[in-house]
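So the chains spell out like this:
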Amino acid sequence: MIWAAPLLGALLLGSGLAIAYVVGGATVLAFFAAGQERYLAILPQQIFSKIDVFALMAMPLFILAGEVMNRGGVTRVLIRLAMAMVGRVRGGLGHVNVLTSVFFAGISGSAVADSAAVSNTLVPAMTEQGYKLPYAGAITAASSIIGPIVPPSIIMIFYGALMGTSVTALFIAGLVPGLILAVALMAVNTFYAWRDDHPRLAREDVPPFFPTLLRAVPALSIPMIIVGGIVLGWMTPTEAAAVAVVAATLAGMFYERLAWGELLLALRRTAMLSGSIFMIIAAVSALGYLGALERLPEAIASTVTELGLGPLEYMILLNVIFLISGMFLDIPVALALLVPLLAPVAIAQGADPVHLGIIVCFNLSLGLISPPLGACLLVVSTVTGANYWALARAVLPFLLIQIAVLALLVAVPDLTLWLPRTMGLIAQ
């Protein structure tokens with residue numbers, strides 16, 4: 001009778017309630033439909049146990065670091081560094097877009113924050129240079145997906161808390177896939193640059209490399225502090241997140257004398273985002289508790305066995321489910337709903353929890369640039385004024401190459417696992 005929850009949720013969704021209230025309300029009603037209402041008395045304890053996780057403290061801190069960085073001029077410094085590195089190449093501003101996302105990903109860990117920041121700055125510059133607006137917006141949205149893959153990553157923290165997987169190992173495992181994704185996007189941009197004769201930046205528009213690099217040192221030090229501190233064992237991911245906030249604030253003051261008013265706005269935005277995420281965690285943890293009472297994971301495992309699905313077949317099925325879910329659900333909702341139900345079966349079949357975590361996080365991130373919702377597409381469309389469906393069409397080639405990269409990571413787990421194994425974070 002747990003299937004009453006999605007049916008009731010669909011009915012409540014029409015009322016215009018927030019997703020957390022929809023999931024929570026439908027779950028409570030489903031307890032009665034399943035005859036499990038006697039367990040509602042201990043439901044608050046179960047919910048609190050899912051939220052009272054030390055690793056989750058890193059999430060609002062990394063959100064705050066990204067907000068402070070956006071308001072402190074750090075993004076513009078990183079863009080100038082990327083321009084100094086690849087601006088003279090044909091299609092240079094497209095490459096700058098991707099490279100900026102790599103730099104930005106090492107601080108904020110959020111695709112939506114990346115797409116908003118770059119849309120404000122690079123997209124107008126690209127259109128002035130002759131790029132079509134849908135293309136400029138599409139590469140901005142597509143490259144923002146690097147944010148949740150390159151450490152730190154907010155959704156990896158969430159996955160690690162849900163599955164009890166080392167967040168440090170997940171962070172390090174995301175480095176190579178993130179760089180592969182960046183190279184793949186640059187390859188697509190190179191193709192379009194030659195096909196559509198995209199311009200190079202004029203020599204006088206390219207900042208001098210060494211002075212620009214020197215000025216960018218405070219900004220570049222932030223991801224080095226985060227990743228280096230975690231890898232060397234000096235800090236936990238949560239402690240590294242706190243240090244990132246301090247470093248981002250100091251960098252903002254160095255670049256633009258970050259005002260107290262901007263800090264207060266960043267804190268307010270962080271509180272709103274964090275509160276909504278934790279509300280979703282609470283609501284979905286109630287549904288997960290009902291699923292455990294109804295022995296839903298065991299039923300899924302039994303069905304997989306009956307269908308004769310091997311590890312590879314089940315992994316392909318799991319990826320299809322997550323790809324479709326990512327098109328319609330927010331990432332925290334999809335993670336909390338599906339991972340506790342589907343991931344244990346894959347692990348029982350021999351999948352490495354860290355490899356599975358990277359695949360799931362990568363997969364769900366693709367939903368951010370996939371219609372009909374596509375949060376990053378919506379952000380880029382809103383900020384730049386580009387037509388949403390024109391953006392959706394323009395982003396399709398980038399989305400296809402990202403799916404190809406996902407398939408490569410599924411087929412070759414060592415691309416993900418060799419670095420954390422080399423560092424001794426997971427077993428050989």
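Procedures and definitions
Residues numbered from 1 in each chain as written. Predicted model: local features only at pLDDT ≥ 70, side-chain atom pairs only at ≥ 80, totals over all residues. Heavy atoms only, no water. Core = buried A, V, L, I, M, F, W, Y, C linked by side-chain atoms within 4.5 Å. Buried < 20%, exposed > 50% of the residue type's maximum accessible area, 1.4 Å probe, protein only. Helix = DSSP H or I, 4+ residues; strand = E, 2+ residues; numbered from the N terminus. Contact = heavy atoms within 4.5 Å. Salt bridge = Lys/Arg side-chain N within 4 Å of Asp/Glu carboxyl O. pLDDT = per-residue confidence, 0-100. Phe/Tyr/Trp six-rings, centres within 6.5 Å; stacked < 30°, edge-to-face > 60°. Axes fitted to C-alpha atoms, helices over the stretch in contact; angles between N-to-C directions. Left-handed = near helix turned anticlockwise from the far one by under 90°. Nonpolar A, V, L, I, M, F, W, Y, C, P; charged D, E, K, R; others polar. Expected span 1.5 Å × (residues − 1). Parallel < 35°, antiparallel > 145°, perpendicular 65-115°, else oblique.

In this section: the nonpolar core. The biggest cluster of nonpolar side chains holds 131 residues, and the ones touching the most others in it are Phe62, Ile146, Leu335 and Ile369. It is helix H17 (residues 331-348) that contributes the most residues to this core, 12 residues altogether. When neighbours within four sequence positions are excluded, Ile146 is seen to be in contact with Val98, Ser101, Val102, Ala105, Gly178, Leu181, Ala182 and Leu185. Listed in part, the 7 residues of the second largest apolar core include Phe31, Ala34, Ala286 and Leu290.

With that out of the way, let us pick up the pattern of salt bridges. Inspection of every chain in the model, using the stated rule, returns 3 salt bridges. Among the salt bridges present, the one from Asp196 reaches Arg195, with a minimum N-O distance of 3.0 Å. Asp196 gets classed as partly exposed once you look at its relative accessible area, which sits at 37%. We classify Arg195 as exposed; its relative accessible area is 52%. Here Asp414 and Arg421 are joined by a salt bridge, their closest N and O atoms 3.1 Å apart. Note on Arg421: relative accessible area 22%, which makes it partly exposed.

So, on to the confidence of the model for the protein chain. Of all residues in the protein chain, 90% attain a pLDDT of 70 or more, and the chain-wide mean is 81. Averaged pLDDT values for the elements of the protein chain fall to 57 in helix H1 (residues 4-13) and rise to 93 in helix H11 (residues 175-195).

Before going further, it helps to examine the packing of aromatic side chains. For the structure on display, the rule yields 7 aromatic pairs. Summarising the aromatic geometry, the rings of Tyr135 and Phe398 are spaced 5.8 Å apart at their centres and angled 55° between planes, so their arrangement reads as tilted. Residue Tyr135 is found in helix H8 (residues 133-144), and its partner Phe398 is found in helix H20 (residues 388-411); the two are separated by 263 residues along the sequence. Using a relative accessible area of 10% as the deciding quantity, one classes Tyr135 as buried. Ring centres of Phe191 and Tyr192 lie 5.2 Å apart, and the angle between their planes is 80°; this geometry places the pair in the edge-to-face category. With a relative accessible area of 48%, Phe191 lands in the partly exposed category. The rings of Tyr131, Tyr135, Phe191, Tyr192 and Phe398 are connected pair by pair, giving a single aromatic cluster.

Attention now goes to the packing of H11 against H20. The packing of two helices is summarised by the inter-axis angle and the distance between the axes. Running from amino to carboxyl end, H11 crosses H20 at an angle of 145°, the nearest separation of the two axes being 10 Å. In terms of crossing hand, the pair formed by H11 and H20 is right-handed. Listed contacts from H20 to Pro177, Ile180, Leu181, Ala184, Leu185, Val188, Asn189 and Tyr192 of H11 are Pro397, Phe398, Ile401, Gln402, Val405 and Leu409. Here the residues of the contact of H11 with H20 are counted per class, giving 12 nonpolar, 2 polar and no charged.

So, on to helix H5 (residues 74-86). Under the 1.5 Å per step criterion, the end-to-end length of H5 is 19 Å for 13 residues, consistent within 8% with the ideal 18 Å. With 10 of 13 residues buried, H5 lies mostly within the body of the structure. Where H5 is concerned, the buried positions are Val74, Thr75, Val77, Leu78, Ile79, Leu81, Ala82, Met83, Ala84 and Val86.

Turning to unusual backbone geometry, a few remarks are in order. Positioned with a positive phi, Asp197 is a non-glycine residue whose angle comes to about 55°. The residue Asp197 is located in the loop between H11 and helix H12 (209-231) in this model.

The next point concerns H8. Here H8 contains 12 residues, and its C-alpha end-to-end distance of 17 Å stays within 8% of the 16 Å for a straight helix at 1.5 Å per residue. For H8, a buried count of 10 out of 12 residues is recorded, marking the element as mostly surrounded by other parts of the structure. The inward-facing, buried residues of H8 abut helix H6 (92-105), helix H7 (111-128), H11, helix H19 (375-384) and H20.

Turning to the packing of helix H9 (residues 154-163) against H17, a few remarks are in order. Running from amino to carboxyl end, H9 crosses H17 at an angle of 50°, the nearest separation of the two axes being 10 Å. For the element pair H9 / H17, the angle class is oblique. H17 is crossed by H9, and the crossing has right-handed handedness. For the pair formed by H9 and H17, the contact residues are Ile155, Phe158, Tyr159, Leu162 and Met163 on the first element and Ile331, Pro332, Leu335, Ala336, Val339, Ala343, Pro344 and Ile347 on the second.

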